[in-house]
Amino acid sequence: MSFLRLLSFRTAGESHGKGLTALLEGIPAGLALEMERDVDPELARRQQGYGRGRRMQIESDRVDLLSGIRLGETLGSPLSMVIWNRDWENWTVAMSPLPPDPEGNPKALRAMYLPRPGHADLVGVLKYHRRDTRDILERASARETAARVACGAVAKRLLAEFGIQVGSFVRSIGAVEARNPDPFPQDLNRAADASPVRTLDPQAEAKMIEAIDEAKEAGDTLGGTFDVVATGVPVGLGSHVAWDRKLDGRLAGAMMSIQAIKGVEIGLGFEGARRPGSRVHDGILRDDDDHRTGGFARASNGAGGVEGGVTTGTPVVVRAAMKPISTLMKNRLPSVDLRKGDPDEAATERSDVCAVPAAAVVGEAMVALVLADAFLEKFGGDSVEELRRNFDGYLAYLTQREWGGREVM
Ligand code: EPS
């Protein structure tokens, strides 16, 4: 089961294991792609953000490419990418694949028996018949998202070839809401990346930083919301004809699969449910110059670029809500010791206070993968050249569509 139809990707790796692996298949041949130029900078963006923990100072994520590219261009074969964990050298005993040394110090195994509410700790040990929650939390950790971002960066490179850009910004952190500029800046990521909390509102930025400092002081954590925006997307990706081809469903599923995401909206989302239809739907106007929309403009973009499960040609806007990270340093929540069943407080681990700015970068990756998949579905192509021929042919058809002609009645 996947939200992707033609592309496929898998990730593997534990947070403190040797590294993360990503296997991406379905990228056409002939795409100019370099890890250092196209992928590593995206990994660096994911490591940023005010409120991250000490782990991000240890790591300096970059891809070690094993396959799929020759002489700067993709081969159409699977891309295999490894991100080595620098922190592994501190975990070789606790994360060793070998049975533990019976003479060794049991503390060195870093077992954790006090499941944290909100994390996968408890459900994982029950489902997988484990006792040490480390057997679960290592894989459940959002460190896995580094591998997703590597795959998403390749998808972004493919989309950029066809004039499609994917960016994001943070809307809120805790109770602090940003006021967002209208229209958005031309280069969304350049503007958002300039802020340590990736917001477009300088006043909210200061309040967000203050809120993160307060949460840190209190040993607490903060969630928030972010938007992912894709521009240049042509009309016609996705389909209305079958439930699992509808693009909004695919986008929402992919976004919801990100660690700690608890809500997803497209366009106006839940706000649309409060308004009458006349203040939700986007009036249809003519714009003969915009070929990607088929020569139509929209008076607004409440639909977030998707109608009937199909892109309209206006920006695709996907919003997500991230819950606060579940490792609390103080005010620890009730838990139960899995060894004896006694009531206790949840475990603490090194963690982040707030990771919403990083989650937005992960959101970009997931949206890019879904859009690249839908693009390949519409335009096919084993090579970038073939994809381009089909795409150009479609744009020519949209441009040349004539008014008038025979009506049904
Ligand atoms: C993360 C790495 C992890 C966490 C975080 C995400 O590193 P460590 O556990 O060594 O501090 O900082 O994961 C979580 C917050 C979590 O609850 O799993 C990363 O690379 O993004």
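In what follows, the structure referred to is the one given above.
In short, a report on the structure. Computed from a predicted model, the values in this text were never measured in an experiment.

Definitions and cut-offs
- Residues numbered from 1 in each chain as written.
- Predicted model: local features only at pLDDT ≥ 70, side-chain atom pairs only at ≥ 80, totals over all residues.
- Heavy atoms only, no water.
- Helix = DSSP H or I, 4+ residues; strand = E, 2+ residues; numbered from the N terminus.
- Rg over C-alpha atoms; globule rule 2.2 N^0.38 Å.
- Buried < 20%, exposed > 50% of the residue type's maximum accessible area, 1.4 Å probe, protein only.
- Contact = heavy atoms within 4.5 Å.
- Areas by Shrake-Rupley, 256 points an atom, 1.4 Å probe, with all protein chains shown as cover.
- 1 Å grid on protein atoms, 1.4 Å probe; cavity = no way out; pocket = protein on both sides within 12 Å on 5 of 7 lines; lining within 4 Å.
- Points joined across faces, edges and corners; volume = space filled by probe spheres on them.
- Nonpolar A, V, L, I, M, F, W, Y, C, P; charged D, E, K, R; others polar.
- Pairing = 2+ DSSP bridges.
- Axes fitted to C-alpha atoms, helices over the stretch in contact; angles between N-to-C directions.

Turning our attention to the overall build of the protein. Scanning the protein for helices and strands turns up 10 helices and 17 strands. The C-alpha atoms of the protein give a radius of gyration of 23 Å, which matches the 22 Å a tight globule of 409 residues would have. If one aligns the C-alpha atoms of the protein with their principal axes, the spans along those axes are about 85 × 50 × 40 Å. Residue burial in the protein is summarised as follows: out of 409 residues, 49% are buried. Taking contacts inside the protein between residues at least 6 apart in sequence as the whole, the part at least 24 apart equals 70%. If you sum the accessible surface of the protein, you get close to 20700 Å²; carbon and sulfur atoms cover 52% of it.

This part covers unusual backbone geometry. Glycine aside, residues mostly have negative phi angles, and peptide bonds mostly take the trans form. A cis amide bond, omega 0°, links D182 with the succeeding residue P183. Structurally, P183 can be placed in the loop between β8 (176-177) and α6 (188-193). Its identity as a non-glycine residue notwithstanding, R198 has a phi of 55°, on the positive side. Inspection of the secondary structure assignment puts R198 in the loop between α6 and α7 (202-217). Given a relative accessible area of 4%, R198 falls into the buried group. Positive phi, close to 75°, is recorded for A260, a residue that is not glycine. Here A260 lies in the loop between α8 (247-256) and β10 (261-266). Given the relative accessible area of 21%, A260 is considered partly exposed.

Now for the layout of surface pockets. For the second largest pocket, the calculated volume is near 1400 Å³. Forming the walls of the second largest pocket are 48 residues, and the residues nearest its centre are F169, F184, L188, V229 and V317. For the lining of the second largest pocket, the secondary structure elements donating two or more residues are α1 (35-47), α5 (145-160), β7 (165-173), α6, β9 (224-231) and β15 (316-322). A total of 6 residues in the lining of the second largest pocket trace back to one element, the largest contributor, which is β7.

Next up on the list: empty space enclosed by the protein. Enumeration according to the criterion identifies 1 cavity of 30 Å³ or more in this entry. Here the largest cavity defines a volume of roughly 40 Å³. Considering the residues around the largest cavity, the lining is formed by R116, P117, S326, L328, R332, L333, A346 and A347. Considered class by class, the residues forming the lining of the largest cavity number 5 nonpolar, 1 polar and 2 charged.

In this section: the pairing of β7. Counting buried positions along β7 gives 7 out of 9 residues, so the element sits mostly inside the fold. Across 8 bridges, the pairing between β7 and β9 is antiparallel. Each bridged residue has a counterpart across the sheet, and for I173 the counterpart in β9 is G224. Note: β7 against β8, 2 bridges, orientation antiparallel. Considered in β8, the bridge of I173 is made with V176. The turn joining β7 and β8, which pair antiparallel and follow one another in sequence, is formed by 2 residues; a positive phi near 55° is taken by G174.

We now examine the sheet that holds β10. If you trace the 5 strands from one edge of the open sheet to the other, you get β8-β7-β9-β15-β10, paired in antiparallel fashion. The open sheet has two free edges, formed respectively by β8 and β10, since each of these has just one partner strand. Running over the sheet, α8 touches β9, β10 and β15 and is turned about 155° from β10. Packing of helix α9 (residues 356-379) onto the sheet brings it into contact with β7, β9 and β15, and relative to β7 it is tilted by some 145°.

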